[in-house]
Amino acid sequence: MAAMTGTTATWSNWAGNQHSSALLTVRPRSVSDVVEAVRQAAAAGRTVRATGSGHSFTATAVADGHRIDLAELETDVTVDVARRLVTVPAGMTLHTLNELLAGHRLAMPNLGDIDAQTIAGALSTGTHGTGAKLGCLSTFVAGLTLVTGTGEVLRCSAEENRDVFDAARVGLGAVGVLVEVTLRCVDAFVLRAHERPAPLAEVLGDLPGLYEAHDHAEFYWFPYTDRVQVKTNDRVPADDQPLPGWRGWLDDEFLSNTVFAGACRLGRAVPALAPTISAVSARALTERTYTGRSDQVFCTPRRVRFVEMEYGLPREALPTALAELRRIVDRLPFKVLFPVEVRFTAADDIWLSHSYGRDSAYIAVHQYVGMPYEPYFRAFEQVATELGGRPHWGKLHWRDAESLATAYPRFTDFQSVRTRLDPHNLFQNPYLTQVLGS
């Protein structure tokens, strides 16, 4: 039976910018428990939302009615090594999934830069890594099982309930509670990572030469400078250049977390120092090359708290968007303490994927916790919107259903599936009202 908390339970996300108090929290241990929880919310006339590990910056997981915590959900874990398929509970974290796959000499084809999210949360918001020939994580889904707003258990794939499959792979939790996912994997592989500082103009001068020449490519621009840090990851046959433990600690823990956190606190206390801090940061991360297990190269620790907005753009719009962003940063009445991240993904056919129907470049803007951010984010959102941008579903934005309907060609189709599977808006919350309508 599901474990239930009858008193009001407070919840907040990782960044601390979203909070809610559910009237009832349910921790199901089986799919039948999830069905019971959905029907219980319906009988009480309350909404219900599933929550993961809280790594969205938007209010997508906010639940003021009933909350379903999937951390204890157990379904049969099956690994088909020959077919490179793995079936796991949707509440499993990416970190646990990566360890499971490594034990069977398998791996995810691509990952983002953290692995703390649940699989359901990562898929539902369109989480992605970088790779010009690879889509978001949801493109690796071969099948899924969800519980609809009427309590029905529905299995979906490209061959079964195809319209639901196209909607639910990036579904915002609006068409059902994901309970089980089957993922397409690949044989375990080693990555060679190369990180180097470079002038921004040099990188923008030959963008295809960056993202087409490497399996995975991204770069970080440091505000108030003309400098970027470029990172490329490429498959190699052997892990023959592992990063020494002291260097990993120095770069990834001490410089990127401990020192950077101190620099951000200093910049928040004395904003005039922000340009100097950014310039020093751009020079502090020197060139390095190393090899490692794929997921351990993709994913790095993120201990400095921040808020974030990210937009997926047509690739050809990237130089214009960055030029406008630089002007925005220079005109702000406050300072920006975090670098800007640029990544790339391939086109896909998932209805609410940010890369639906087009190859994309992503620009992610961040601000340190406790610093003003809304004028910065809103100004860039206006630029990105005019360039055909689509906001990341799990990161801050102010778009509404009317404007998003024009950005997604299959928006109406998604709404039809949503209405059919959740006819009484059981999964509604303020964020879904904003982006999908009521």
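Since this is a predicted model, take the numbers as computed values, not measurements. (Residues numbered from 1 in each chain as written. Predicted model: local features only at pLDDT ≥ 70, side-chain atom pairs only at ≥ 80, totals over all residues. Heavy atoms only, no water.)

Q: Got a minute to help me understand the overall build of the chain in this structure?
A: Within the chain one finds 14 helices and 21 strands. For the chain, whose C-alpha radius of gyration is 21 Å, the value lies close to the compact-globule estimate of 22 Å for 438 residues. Dimensions along the principal axes, computed over C-alpha positions, put the chain at roughly 60 × 50 × 40 Å. Of all intrachain contacts in the chain linking residues separated by at least 6 positions in sequence, the fraction that spans at least 24 positions is 74%. One way to put it: in the chain the 42 positive side-chain charges average out to a point 3 Å from where the 49 negative ones average out. (Helix = DSSP H or I, 4+ residues; strand = E, 2+ residues; numbered from the N terminus. Rg over C-alpha atoms; globule rule 2.2 N^0.38 Å. Contact = heavy atoms within 4.5 Å. Lys, Arg positive; Asp, Glu negative; His and termini not counted. Charge placed at Lys NZ, Arg CZ, Asp CG, Glu CD.)

Q: Honestly, the side chain of Ser138 in this entry has me stumped. Any pointers?
A: Among the secondary structure elements, Ser138 is positioned in the loop between helix H3 (119-124) and strand E10 (141-147). A polar contact of 2.8 Å, which involves the side chain of Ser138, links it to the backbone oxygen of Arg169. Those residues in contact with Ser138 that lie beyond four places of it in its chain are Leu123, Arg169, Val170 and Ile350. (Polar contact = N/O pair within 3.5 Å; in protein donor to acceptor, adjacent residues only side chain to side chain.)

Q: Please explain the packing of aromatic side chains as it appears in this structure.
A: Each aromatic ring pair is specified by the distance between its two centres and by the angle formed by the two planes. Per the stated rule, a full pass over the model turns up 9 aromatic pairs. A network of ring pairs unites the aromatic residues Trp14, Phe57, Phe306 and Phe338 as a single cluster. A cation over a ring is seen here: Arg235 above Phe189, with NZ or CZ 3.8 Å from the ring centre. Here the basic side chain of Arg315 rests over the ring of Tyr211, its NZ or CZ set 4.7 Å away from the ring centre. (Phe/Tyr/Trp six-rings, centres within 6.5 Å; stacked < 30°, edge-to-face > 60°. Lys NZ or Arg CZ within 6 Å of the ring centre and 35° of its normal.)

Q: Explain the sheet that holds strand E7 (residues 78-80) to me, please; I cannot follow it from the model alone.
A: Adjacent strands of a sheet pair through backbone hydrogen bonds, lying either parallel or antiparallel. Ordered by their spatial adjacency, 5 strands build an open sheet running E7-E8-E12-E10-E11, and the pairing between neighbours is antiparallel. A strand with exactly one partner marks an edge of an open sheet, and here the two such strands are E7 and strand E11 (153-157). For this sheet, the mean angle separating the axes of adjacent strands, direction not counted, is 15°. Strand direction decides the pairing type here: E7 and strand E8 (residues 85-89), joined by 3 bridges, are antiparallel. If you follow Val79 over to E8, its bridge partner there is Val86. The sheet strands contacting helix H2 (residues 94-103) are E7, E8 and strand E12 (177-184), and the helix crosses E8 at an angle near 145°. (Pairing = 2+ DSSP bridges. Axes fitted to C-alpha atoms, helices over the stretch in contact; angles between N-to-C directions.)

Q: Is there a simple way to think about the side chain of Ser124 in this case?
A: Its location among the elements puts Ser124 in helix H3. The class for Ser124 is buried, based on a relative accessible area of 11%. Engagement of the side chain of Ser124 in a polar contact is seen with the backbone oxygen of Ala120, the distance being 2.7 Å. Excluding its chain neighbours within four sequence positions, the residues that come into contact with Ser124 are Arg169, Val170, Gly171, Leu172, Gly173 and Leu178. (Buried < 20%, exposed > 50% of the residue type's maximum accessible area, 1.4 Å probe, protein only.)

Q: Just to check I follow, could you spell out the packing of helix H10 (residues 318-331) against helix H11 (residues 374-386) for this structure?
A: Helix-helix packing is described using two parameters, namely the angle between the two axes and the distance between the axes. Orientation of H10 relative to H11, taken along the N-to-C sense of each, is 150°, at an axis distance of 10 Å. In terms of their interaxial angle, H10 and H11 are classed as roughly antiparallel. In the packing of H10 onto H11, the handedness of the crossing is right-handed. On H11, the residues touching Ala321, Glu324, Leu325, Ile328 and Val329 of H10 are Tyr376, Ala379, Phe380 and Val383. Grouping the constituent residues of the contact of H10 with H11 by class yields 8 nonpolar, no polar and 1 charged. (Parallel < 35°, antiparallel > 145°, perpendicular 65-115°, else oblique. Left-handed = near helix turned anticlockwise from the far one by under 90°. Nonpolar A, V, L, I, M, F, W, Y, C, P; charged D, E, K, R; others polar.)

Q: How should I be thinking about the pattern of salt bridges in this particular structure?
A: Pairing is possible between side chains that carry opposite charge, provided their charged atoms lie close to one another. Under the counting rule described, the total for this entry stands at 21 salt bridges. One salt bridge in this structure joins Asp69 and Arg27, with 3.7 Å as the shortest N-O distance. Of this pair, Asp69 sits in strand E6 (residues 66-69) while Arg27 sits in strand E4 (residues 24-27), and the two are 42 residues apart along the sequence. Of the charged contacts, one joins Asp80 and Arg83 as a salt bridge, the two residues approaching to 3.7 Å between their closest N and O atoms. Asp80 gets classed as partly exposed once you look at its relative accessible area, which sits at 27%. Assessed through its relative accessible area of 60%, Arg83 is described here as exposed. (Salt bridge = Lys/Arg side-chain N within 4 Å of Asp/Glu carboxyl O.)

Q: Just to check I follow, could you spell out the state of the cysteines for this structure?
A: Here a disulfide denotes one covalent bond, and it connects the sulfur atoms of two cysteines. Taken as a whole and assessed by the stated rule, the structure comprises 0 disulfides. Here Cys156 stays free of any disulfide, with the sulfur of Cys136 as its closest cysteine sulfur at 17 Å. (Disulfide = S-S within 2.5 Å.)

Q: Is there a simple way to explain the sheet that holds strand E17 (residues 288-293) in this structure?
A: Pairing within the open sheet is antiparallel, and its 8 strands lie in the order E17-E14-E16-E15-E19-E20-E18-E21. Of all strands in the sheet, those bounded by a partner on one side alone are E17 and strand E21 (390-391). Of the strand pairs in this sheet, strand E14 (residues 190-199) and E17 are connected by 6 bridges, and their pairing is antiparallel. In the sheet register, Val190 faces E17, and the bridge partner there is Arg293. Relative to the sheet, H11 contacts strand E18 (306-314), strand E19 (340-345) and strand E20 (360-368), its axis offset from that of E18 by approximately 10°.

Q: It is not clear to me how the environment of Val365 should be interpreted in this structure. Could you clarify?
A: Along the chain, Val365 turns up in strand E20. Sequence separation between Val365 and Val307 is 58 residues; the distance between their C-alpha atoms is 8.5 Å. Those residues in contact with Val365, other than ones at most four positions away along the chain, are Val307, Glu308, Met309, Leu325, Val340, Tyr376, Phe377 and Phe380.

Q: Would you explain H2 in this entry?
A: Every α-helix winds through 3.6 residues per turn, so residues three or four apart in the chain are directed the same way. Of all the residues in H2, the buried ones are Leu94, Leu97, Asn98 and Leu101. The arc that holds every buried residue of H2, seen down its axis, measures 100°, which confines them to one face. Looking at the buried side of H2, the elements it contacts are E8, strand E9 (106-107), H3, E12, E17 and helix H9 (294-298). Positioned one or two residues after H2, Arg105 has a phi angle of 55°, which is positive. (Arc of directions from axis to C-beta.)

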